[in-house]
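Listed below are the residues making up each chain.
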Amino acid sequence: MSKICQITGKKAMVGNNVSHSKRRTKRKFDVNLFTKKFYWVEQDCWVSLNISAAGLRTINKLGLDAAIKMAAEKGYLNA
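Let me begin by describing the structure that accompanies this report. All figures in this text were calculated on a predicted structure; none of them were measured in a lab.

Rules and cut-offs
Residues numbered from 1 in each chain as written. Predicted model: local features only at pLDDT ≥ 70, side-chain atom pairs only at ≥ 80, totals over all residues. Heavy atoms only, no water. Buried < 20%, exposed > 50% of the residue type's maximum accessible area, 1.4 Å probe, protein only. Helix = DSSP H or I, 4+ residues; strand = E, 2+ residues; numbered from the N terminus. Arc of directions from axis to C-beta. Contact = heavy atoms within 4.5 Å.

1. Concerning helix 1 (residues 53-62)
And step 1. Of all the positions in helix 1, only Gly55, Thr58 and Ile59 are classed as buried. Buried residues in helix 1, looked at end-on, bunch into an arc of 100°, giving them a common side. Among the exposed residues of helix 1, those oriented more than 90 degrees off its buried face are Arg57, Asn60 and Lys61.
And step 2. Residues of helix 1 that are buried in the fold lie against strand 3 (33-40), strand 4 (45-52) and helix 2 (64-74).
And step 3. Positive backbone phi, at 100°, marks Gly63, one or two positions downstream of helix 1.

2. Observations regarding the environment of Lys28
And step 1. You can see Lys28 is positioned in strand 2 (residues 24-29).
And step 2. Taking the C-alpha atoms as reference points, Lys28 and Trp40, separated by 12 residues in sequence, lie 34 Å from one another.

The structure is reproduced here in structure tokens:
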């Protein structure tokens, strides 16, 4: 399972660790990702999603049905 948010499409970024002497080494910025179950009223079922904290805020703002439709249009959701 890849570390990608199913609502926003966020995934890990690559950057640098910068030491005090300004020496740079590569590092990865992971997404704040967790698995959460939602009750989808329109379909009368439970849905389990891998979402980021920003995806959770999107669901709280738009509602689950609108967020899933938006994610499906943009191709973030595989179902």
